[in-house]
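Next come the chains, spelled out residue by residue.
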Amino acid sequence: MPAVTADTLTLPRIGAAGPGDTERPVRSITTGPRGYEGEGFPVVRAFAGVSAADLDPFVHMDQMGEVEYQPGEPRGTDWHPHRGFETVTYMIDGKFAHQDSHGGGGLITDGATQWMTAGSGILHIETPPAELVESGGVFHGIQLWVNLPKSDKFAPPRYQAIDGDDAALLASSDGGALVRIIAGEIDGHRGPGITHTPITLAHVTIAHGARLDVPWRRDFNALVYVLSGSGYVGPVAHPVRSGQLAVLGPGDRITVGAPREAIDVLLLGGRPIREPVFHYGPFVMNSRAELVEALQDYQAGKFGTIPPNALMPHHGGGTI
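Keep in mind that this is a model prediction, so the values were computed, not measured. Numbers given for residues are sequential positions, taken from 1 along each chain in its written order. Owing to the predicted nature of the model, reporting of local features is limited to residues with pLDDT of at least 70; listing and counting of side-chain atom pairs is limited to 80 or more, with chain, interface and lining totals taken over all residues. Side-chain measures were taken over the full set of non-hydrogen atoms in the model, leaving aside hydrogen atoms and water.

A short note on helix H3 (residues 288–299)
Reasoning step 1: Taking 1.5 Å per residue, twelve residues should reach 16 Å; H3 reaches 17 Å between its end C-alpha atoms and fits that length.
Reasoning step 2: What H3 keeps buried is the set Glu-290, Leu-291, Ala-294 and Asp-297. Seen from one end, H3 has its buried residues packed into an arc of 125 degrees, which puts them on one side. Those residues of H3 that are exposed and angled more than 90 degrees off the buried face are Arg-288, Ala-289 and Gln-299.
Reasoning step 3: Residues of H3 that are buried make contact with strand E24 (278–280) and strand E25 (283–285).
Reasoning step 4: The helix count covers DSSP runs of H or I at least four residues long, the strand count covers runs of E at least two residues long, and both are numbered beginning at the N terminus. Remark: Gly-301 follows H3 within two positions and exhibits a positive phi of approximately 80 degrees. By this rule, a helix spans an expected 1.5 Å times one less than how many residues it contains. Accessibility here uses a 1.4 Å probe with only protein chains present; expressed as a share of the type maximum, an area under 20% marks a residue as buried, one over 50% as exposed, and anything in between as partly exposed. Read the arc as the range of directions from the helix axis to the C-beta atoms. Note on definitions: a residue-residue contact is assigned when non-hydrogen atoms from the two residues lie within 4.5 Å.

This is the structure in structure tokens:
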């Protein structure tokens, strides 16, 4: 159950399509494989099998959970480096603690988003807080990697903490869908996230029997990822279900329906950067030489240092 909810009857409604607007067609639908990240938390690799050109300006996305942890089971990551992109951690349910080598950090919980610009280089950790490890509980979120253009690859690291209540809230024209805008703009309403690369990111809950019809910038690509439930996407109602990603073609609007059950989706898109991408582990650069430089700089301690009394993974007394 998403943490941020609202009465859609009291929210601004998304405007109807214009006479010349076209729905974006579905170009592909892929199913993300399941795996494990960090110290062993379950993820769905949402972008697996999709071409880099279709994803641009995005690089990678994991759906973390949804899982109900028993006491002692929650896991996160240890300290690790990043350079050349932005990480976006959106917690739908549960808690994640974050700290980085440039003074950023805090608790990401129940609908909040951590937007970290790695830029020139940063060390950070994301891990469940000790109390969640000891008690167990629901854990469900998204980590998205947003590429930076060459001109911003070495931007100073930056941290944004976006509370769940900060998201801009809209309702579909039929009142059956709640749209939470985290970054970018939809129908004249703007989310709080500040981005180097122009993008839009929104989490939408569509009630059983409802339909979302939302305007989308023509110069952005368009992706629909299903977090839970099942429904359809596009003008010919391609069926989609949990763990699947729909890549859409050109057009003016995105349509998603929920004829059989409620469905939760992420809408994401941005202006393609169209630059070479060399991606190795936690580094996203424009050339192989820059990847080698990133690794050397990390080993030389140029990404900062782990602070004194740093946050560390907590391992509870439960069994795994």
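A word on the UniProt feature "binding site: Fe cation" (unreviewed entry) in the chain
Reasoning step 1: UniProt positions are given in the numbering used here, feature names are shortened, and annotations may be inferred rather than shown by experiment. With numbering aligned to this structure, UniProt lists the feature "binding site: Fe cation" (unreviewed entry) at His-80, His-82, His-124 and Glu-126. Across 47 residues of sequence, these annotated residues stay compact in space, with a maximum C-alpha separation of 12.8 Å.
Reasoning step 2: The residue His-80 is located in strand E5 (residues 80–82) in this model.
Reasoning step 3: His-80 has contacts with Ile-122, Leu-123 and His-124, leaving out every residue within four places of it along the chain.
Reasoning step 4: At 2.8 Å, the side chain of His-80 forms a polar contact with the backbone oxygen of Asp-78.
Reasoning step 5: Looking at the element boundaries, His-124 is found in strand E10 (residues 122–127).
Reasoning step 6: Each residue touching His-124, except ones within four places of it in the same chain, is listed here: Asp-78, Trp-79, His-80, His-82, Thr-87, His-98, Gln-99, Asp-100 and Met-116. Side-chain atoms alone can form a polar contact between residues adjacent in sequence; in general such a contact is a pair of N or O atoms within 3.5 Å, and within protein one must be able to donate a hydrogen while the other accepts it.

Observations regarding the pairing of strand E19 (residues 222–233)
Reasoning step 1: The element E19 is largely enclosed, with a buried count of ten among its twelve residues.
Reasoning step 2: Sheet topology note: the E19/strand E21 (residues 244–248) ladder contains four bridges and is antiparallel. Within the sheet, the bridge partner assigned to Leu-223 lies in E21 and is Val-247.
Reasoning step 3: Of the strand pairs in this sheet, E19 and strand E23 (residues 263–270) are connected by six bridges, and their pairing is antiparallel. The residue bridging Tyr-225 from the neighbouring strand is Leu-266, located in E23.
Reasoning step 4: Relative to strand E20 (residues 238–241), E19 runs antiparallel, the two being bridged by four bridges. Bridge assignment links Val-233 to a residue of E20, and that residue is His-238.
Reasoning step 5: At least two bridges found by DSSP between two strands is the condition for calling them paired. With two bridges connecting them, E19 and strand E22 (residues 253–257) associate as antiparallel partners.

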